[in-house]
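Residue-level structure breakdown
Now for the letters of each chain:
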Amino acid sequence: MSKKSSATKVKLTDVSSLFGNSEHIKDVDSTKEEIIDVSLSDLHEFVGHPFRVVDDEKMDETVESIKKYGVIVPGIVRPRIKGGYEIVSGHRRKHASELAGLKTMPVFVRNLTDDEATIVMVDSNLQREEILPSEKAKAYAMKYDALRHQGSSGDGDSLELMSDEAGESRSKIQRYIWISRLNDDFLELVDTKKLGMAQAVDISFLTSEEQNILYDLIWELSIYPSMIQAAEIKALSQSDKFDIMAIKAVLIGTIKPKKRNITIKADKINTFFSDEYTEDDITEIILRLLEKWKSGEE
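Residues numbered from 1 in each chain as written. Predicted model: local features only at pLDDT ≥ 70, side-chain atom pairs only at ≥ 80, totals over all residues. Heavy atoms only, no water.

1. Remarks on a negative patch on the surface
Selection rule: Here the term patch refers to residues with relative accessible area over 30% and no salt bridge, with like charges joined within 9 Å and nonpolar side chains (Val, Leu, Ile, Met, Phe, Trp, Tyr) within 5 Å. Working definition of accessibility: Shrake-Rupley area with a 1.4 Å probe, residue cover restricted to the visible protein chains. Whenever Lys or Arg places a side-chain nitrogen within 4 Å of a carboxyl oxygen from Asp or Glu, that contact is recorded as a salt bridge. Under the counting rule used here, the positive set is Lys and Arg, the negative set is Asp and Glu, and His together with the chain ends is not counted. For this purpose, a charge sits on NZ of Lys, CZ of Arg, CG of Asp or CD of Glu. Strands here are runs of E lasting at least two residues and helices are runs of H or I lasting at least four, both read from the DSSP assignment and numbered beginning at the N terminus. The buried label goes to any residue with under 20% of its type's maximum accessible area, the exposed label to any with over 50%, and the partly exposed label to all in between, with areas taken from a 1.4 Å probe on protein chains only.
On the surface, Asp55, Asp56, Glu57, Asp60 and Glu61 cluster together into a patch of negative charge. In this fold, glutamate 61 is placed in helix α2 (residues 57-69). Residue glutamate 61 is classed as partly exposed on the basis of its relative accessible area of 49%.

Here's what the structure looks like:
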């Protein structure tokens, strides 16, 4: 049985409640899910929309499809107080429609609160196959805040709900929410795989000013922090010892990490592996799992 998105729980109400008997929307009844054609010039981007609209190969395919068949799946919009509509779902379709030379696009008009619109916007976009870590981070953070604003769940419950709907663990979603606090420069490093998820999480605990200092030093020294270095830098920040000389020392390796001798007792390991596994097999599996953890996977 498929899980229901929290977006499906959004209650639809008559859009006329926002504008009274306005002629602009007199024929729209969102409770009946009517589809109307709206001028592209009246469709405005969702405030704080975290997903990029890129002119790539997939956009070219979408444009060609729209030229042949039109917009098959209507967008979802909500009325704006300033006039026109705010796109909740359909930013790529609107852009493709513009490139295809269309003047209008079919949409559903829904009367949604800010929190409801955020949830629908995030859930509809998370279905895309290719999403950058920065996009997912900002989207998860927006949805998390929206769920908390609704007052229907506490912090843990919100993460649990998001985990059930997205099919990702709570810990992974939490890490994405943490890295949403990164400056755009660091998010770009994560998107381009120059900075791992574990390092990104540690750096996300720095202040914005500290992040700027660290970023400048990374480019000056051409050194991307390792997991150990990122943890050291986070510790310096939390102990109020963050300064340029200390961070330089960490990045160039003059501050050596503490040596750790870690031993895992055989009886604990044996609970996970049957007798058919050799010591080399067990070591290889553990290292492979640790690599996945390091990269932010589950």
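2. Observations concerning the pattern of salt bridges
Within the structure shown, the criterion is met by 14 salt bridges. Across the salt bridge formed by lysine 143 and aspartate 123, the nearest N and O atoms sit 2.6 Å from each other. In this pair, lysine 143 sits in helix α5 (residues 133-150) while aspartate 123 sits in helix α4 (residues 114-125), placing the two residues 20 residues apart along the sequence. The class for aspartate 123 is buried, based on a relative accessible area of 9%. Across the salt bridge formed by lysine 248 and glutamate 220, the nearest N and O atoms sit 3.2 Å from each other. One end of the pair, lysine 248, is in helix α12 (residues 244-252); the other, glutamate 220, is in helix α10 (residues 208-221), with 28 residues separating them in the sequence. On the basis of relative accessible area, lysine 248 is assigned to the partly exposed category, the value being 25%. Residues participating in the shared-partner salt-bridge network are Arg78, Glu86 and Asp114.

3. Overview of the pairing of strand β3 (residues 75-79)
Each regular strand displays side chains that alternate between the two surfaces of the sheet. Stated precisely, the cut-off is as follows: Here, a strand pair is defined by DSSP locating no fewer than two bridges between the strands.
Burial analysis of β3 places 5 of its 5 residues in the buried class, the great majority of the element. On β3, burial covers both faces: Gly75, Val77 and Pro79 on one face and Ile76 and Arg78 on the other are all buried. Taken together, the 3 bridges between β3 and strand β5 (residues 104-109) define a ladder with parallel strand orientation. Each bridged residue has a counterpart across the sheet, and for isoleucine 76 the counterpart in β5 is phenylalanine 108. Here β3 runs beside strand β4 (residues 85-89); their pairing, made up of 4 bridges, is antiparallel. Considered in β4, the bridge of isoleucine 76 is made with serine 89. The hairpin turn running from β3 into β4, its antiparallel successor, is 5 residues long, and glycine 83 in that turn takes a positive phi close to 105°.

4. Here's the deal with helix α8 (residues 184-191)
Rules: By definition in these notes, contact holds between two residues if any of their heavy atoms fall within 4.5 Å.
Phe186, Leu187, Leu189, Val190 and Asp191 are the residues of α8 that are buried. Looking at the packing, one finds that the buried side of α8 touches α5, α7 (170-179), α9 (197-203) and α10. One or two residues past the end of α8 sits lysine 193, with phi positive at roughly 65°.

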